[in-house]
Amino acid sequence: MWEGSVMRSLTSRLAAACAAALALCAVLSASAFGAYGVQVTAEPADPTAGAHSDLTIRLAFTDPSRDLKDMDLHLPAGLLGDPHAADLCTVATFQSDAGCPAAAQVGTVSSTAAALGIPLLVEGEVYNLQPRGGEPALLGISLAAPLNLAAPIKLLSPISARAPGGDYGLDSAVRDVPNTAIGLGFLPLPIDVTNMSLTLWGSKAAHPTLKSSFLVNPTTCKPATTTANVTAYDGSKASGSSTFTPTHCDTIGFKPAVSMTPTSFTADQPAGVAAQVAFPDGDIGGRAQSQVRTARVVLPPGFVLSAGVAADGLEGCTDAQFAAKSDTDPACPSLSNLGTVSFVSPLLGELKGDVYLGMPTADVPMRLFAYARKGDVRVKLVGATVPDPSTGQLTTVFDDLPEQPFKTFTLTFRGGDTAALTTPQTCGDAGTVTGSFEPFSRPGTKANVQSAPVTVTDCAPPTFTPNVGASITPTQAGADSHAVINIVRPDRQPRLSSLSMQMPPGLLGHLASVPMCPIDQARAAACDPSTQVGTASTEAGTGPRTVALSGPIYLTSGFDGGVAGLAVVINAKVGPLDLGRVASITKLSLRPGDLAIRADTEPLPTILGGVPLAIRSLTLALDRDGFMLNPTSCAASTLDASFTAADGQTATAAAPLQATGCENLPFQPKVTAVLGAPLANPSLKMTVAVPAGNANVQSLAMALPKEVGANLKALSGACMAPQFATNTCPDSSIVGTATADSPLSPTPLSGPVRIVQSGSTLPDLVIDLSGFTNLRLTIHNSFPGGRLKSTIDGVPDVPLSSFVLDLKGGGLLQTVDVKKICSAKPTVEGEFVAHSGATAKVDAVASLPACAGAASASYRTTASLRGAGKGRTPTLSVKVRGSKLKSLRVTLPKQLRLDGKRLSRGGTVAQGGKRISRKTAAGRRALRHTKRTVTARTTKTSTGSIQIRLAKGALRKGKGLKVGKRVTLKLRVTNSAGKHKTITVRVKARK
């Protein structure tokens, strides 16, 4: 289409040259004769649109007292001539005595002139001359001298087109018209021309010496104006114009055709593609076909933009560089070149040039700049390629094309490894090129055509074999690390639709150490930078060359049952094309039993801004310091991945991962125990703590003091196996609570402890922990050597700040001899096995506050302070355990500052191991503060423990807070009797 407009412009130049030459003849005949002026009449013998009609231009000069020197003739747009309709005569032959042969003649000229005062009719011919240099066309006008008293006057009339920036109509320029001739006696003979008539031939039928029809009328039925501008030897200027209106536009033919080459392509590969618009039928009913005003060409489905087009870089050509309205070569950068363009015109033959990617505008993201040149003829067109946002199918549009004819216009998108297009993935009939064209003759109407089908062959075997690789740095067991996961999909395989990854047990993330991006913001690709935990990079495209894209990875809040999520936000900006930001969401959940991370992606993006991504590789680098944590087990393990293709195929792959240096990990668990009232059936609170940096506990066996046994009466309330299987256990089976606190978790896990009769001699204790995730642990009980021994196996490879088992008094336990219990030293004996393989034995003498008679005055405290590292927000947890607690007040040191505005969001209170809901009125009153203190009150009459936790910005760093430094907290504990006790606690600030 675009090439056709270039051809038309060339044709128009040639035709203009003819007209200009004829005008030159008229000018040569005319001489100054008084007041200077010119009257113009230009009309075809047949005004029918597209007709091959003779065109006669008459010029009448008035008051020729000034002799004509120069003349410019401007023909209407669409009035064209075909220089191939007659033989070409060289300039040398034209200017010789012999002159041009009749086969080169394309018109006639006649003039009424006065020589020696005698009016005479002078006639001559117009010839089709060989252009010089870069001229599109050249006419020669040979006019006999009056009475043949001198040699013929011969003038050259070069043709140019009003382009770029104009209407591509033809102009003819005549310069230095002589006003004398050599007469008898070789004396100058004045020649005064009063008028002249120039006729350019139309059809071959009327002029048999033509090879084919020469002139053609415009194919639009709007007024067509011919203008002559003349200049006399004394500098005087004059102009005149004449208008005619073509007719019968409703009956003019219009049969464009489209085609695509090649017609057979290799599947799913970059390819060079040429789309051509042509008018193969030539004239219809003796009239030229209408010229094209608007062209819209749609490639077959599956022929889409290739991401690899930008593998070597991609730039855009600015409007200033292309200079669409300037008759200069464009200065577009080489990296903006997308292919070539070719116009075949009846006037000049073939014009060749390039197609550039134009800088986008707000309305047109992908503009095309087409430029072609032959000699002095330049054609510049601005179009657009519009990809379907869902399928990527391409539509190329050129509006308001110049009113010029063409035989073919071919737009070729470059091939090779960085081709602009890629082919369909499936073999067979790929469909057709379709075109919708609006003619100049009938604005608003459309001619819809399509090409012959193209085929796609050589499909790859239907295999789907993506792979996965993974690494951790450093590999030291238990160390903070950076993890890198790399997904690769071989070329010419089905596109990735989704993937799922199961991490090795113990490879975890510090969810409590990073703010989470709300999932709605994550889906909108609008996460705060503080939530970033890594960087993603991807390679996209088909064939050997791909384009690299990258973007951040954010930690998101949990959704759809997950504990958290990852948002991979790819910035899809390739050179000047900004396709936007796309967020790919992955749900993170924990596998029941070992709490290993499972990552499940939502459907992966396959197209963005109409450009198919064709993901070949995806690398996820989780490299935020302090976020990832290695397992404390050095057993060989794997990262297991499963993949789903867009066509439904599935595949699996695994990447080996193994921590090292387990022998370097310390393992020093600590145990405390408290036997509480009533002494006959005591409560038991047992706490296991593992220092930071130690290997994680895999199993533990706790032998209870010999002074305490099982209360057989309590077994009657056990949950039976069928009840347990259907989650219908009675409340009587609950014998206590348990709480697990991990530095990785944003909140502790807690839940009931049930006695469950599973068929063994002694019932088991089943702990159902819940919170940000759920975890079930089973305690198997036995009586070796007459002592009650409880064993827990399969503890997840997760660091524990503390694990508290709190069995209610008056329930499961029974004192062997109440009278002797207070004088004894009941000892809990623990045996621990770490995931690193290390073992430890720990004994702990249980305290007996009921024996002292002052339980309300005896308190145990624990405190932790984290987030002292650079760029982190501190969190503080303080817990007091005792009897009949009513309130706890914490006075902060100078190293910590309280943010009262954020306390409502980041401050929590727990009583008896259960968090108090802030949604209730009592819960809102449970936490109060002053400038330096925070006070928590139980919502009950009293409780056995009160915990204050300050997080989510409730605390800010004060002067001197550093990692490893100890700070002093002052606690004031009040019991239900109103008695107070002040306790000083030193806590070490950690990273």
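Quick note: structure is the one above.
None of these values were measured; they are calculated from a predicted model.

Chemist: Tell me what's going on with unusual backbone geometry, and back it up with residues and numbers.
Modeler: With an omega of -5 degrees, the peptide bond between Thr473 and Pro474 qualifies as cis. Within the element layout of this structure, Pro474 appears in the loop between β33 (467-473) and β34 (480-488). Between Ala677 and the following residue, Pro678, the backbone shows a cis peptide bond with an omega angle of -5 degrees. Locating Pro678 in the fold gives a position in the loop between β48 (670-676) and β49 (683-689). With a phi close to 65 degrees, Arg492 is a non-glycine residue in the positive phi region. Phi at Ala525 takes a positive value of approximately 55 degrees, unusual for a residue other than glycine. Under the relative-accessibility criterion, Ala525 is labelled buried at 13%.

Chemist: Break down the pattern of salt bridges for me, with residues and values.
Modeler: In this structure the tally under the stated criterion is 28 salt bridges. In this structure, Lys222 engages Glu403 in a salt bridge whose closest nitrogen and oxygen atoms are separated by 3.8 Å. Within this pair, whereas Lys222 is found in the loop between β13 (215-216) and β14 (224-232), its partner Glu403 is found in the loop between β26 (394-398) and β27 (408-413), the two being separated by 181 residues in sequence. The class of Lys222 is partly exposed, set by a relative accessible area of 45%. Given the relative accessible area of 3%, Glu403 is considered buried. The partner of Asp817 in a salt bridge is Lys820, with the nearest N and O atoms 4.0 Å apart. When its relative accessible area of 31% is taken as the criterion, Asp817 is described as partly exposed. Residue classification places Lys820 among the exposed positions, given a relative accessible area of 55%. When salt bridges with common partners are traced through the structure, they connect Arg293, Asp400, Glu438 and Lys446 into a single cluster.

Chemist: Can you explain the sheet that holds strand β28 (residues 421-422)? Please cite residues and give values.
Modeler: Pairing within the open sheet is antiparallel, and its 3 strands lie in the order β18-β28-β21. Whereas interior strands pair on both sides, the edge strands pair on one side only; in this sheet they are β18 (270-271) and β21 (304-305). Relative to β28, β21 runs antiparallel, the two sharing 2 bridges. Its bridge partner lying in β28, Leu305 is registered against Leu421.

Chemist: Can you explain the state of the cysteines? Please cite residues and give values.
Modeler: With the rule as written, the count across this model stands at 7 disulfides. Here Cys221 pairs with Cys249 through a disulfide, and the sulfurs are 2.0 Å apart. Taking the sign of the S-S torsion, 110 degrees for the link of Cys221 and Cys249, the bridge is right-handed. Residue Cys221 is found in the loop between β13 and β14, and its partner Cys249 is found in the loop between β15 (237-244) and β16 (257-261); the two are separated by 28 residues along the sequence.

Chemist: I'd like a description of the sheet that holds strand β30 (residues 434-439), backed by residues and values.
Modeler: The antiparallel open sheet is built from 11 strands, whose spatial order is β16-β19-β27-β22-β23-β24-β25-β26-β20-β30-β31. Looking at the sheet topology across the chains shown, the edges are occupied by β16 and β31 (447-450). In this sheet, neighbouring strand axes are inclined to one another by 20 degrees on average, regardless of whether the strands run parallel or antiparallel. Pairing of β16 with strand β19 (residues 273-278), which is carried by 5 bridges, proceeds in the antiparallel orientation. Note that in β19 the partner of Val258 across the bridge is Val277.

Chemist: Quick one: what's the story with the nonpolar core, residue by residue and with numbers?
Modeler: By size, the foremost hydrophobic cluster in this structure holds 156 residues, and its most contacted members are Val468, Ile487, Met501, Phe643, Ile767, Leu805 and Phe832. The element that contributes the greatest number of residues to this core is strand β39 (residues 564-574), accounting for 6 residues. Residue contacts for Val468: discarding those within four places in its chain leaves Ile485, Asn486, Ile487, Leu639, Ala641, Phe643, Ala653, Ala654 and Ala655. Core analysis: the next-biggest nonpolar cluster, separate from the first, contains 34 residues, Tyr36, Trp201, Ala228 and Ala232 among them.

Reading the values: rules and limits
- Residues numbered from 1 in each chain as written.
- Predicted model: local features only at pLDDT ≥ 70, side-chain atom pairs only at ≥ 80, totals over all residues.
- Heavy atoms only, no water.
- Helix = DSSP H or I, 4+ residues; strand = E, 2+ residues; numbered from the N terminus.
- Buried < 20%, exposed > 50% of the residue type's maximum accessible area, 1.4 Å probe, protein only.
- Salt bridge = Lys/Arg side-chain N within 4 Å of Asp/Glu carboxyl O.
- Pairing = 2+ DSSP bridges.
- Disulfide = S-S within 2.5 Å.
- Axes fitted to C-alpha atoms, helices over the stretch in contact; angles between N-to-C directions.
- Core = buried A, V, L, I, M, F, W, Y, C linked by side-chain atoms within 4.5 Å.
- Contact = heavy atoms within 4.5 Å.

From the geometry alone we can't say anything about function, so treat these as descriptive.
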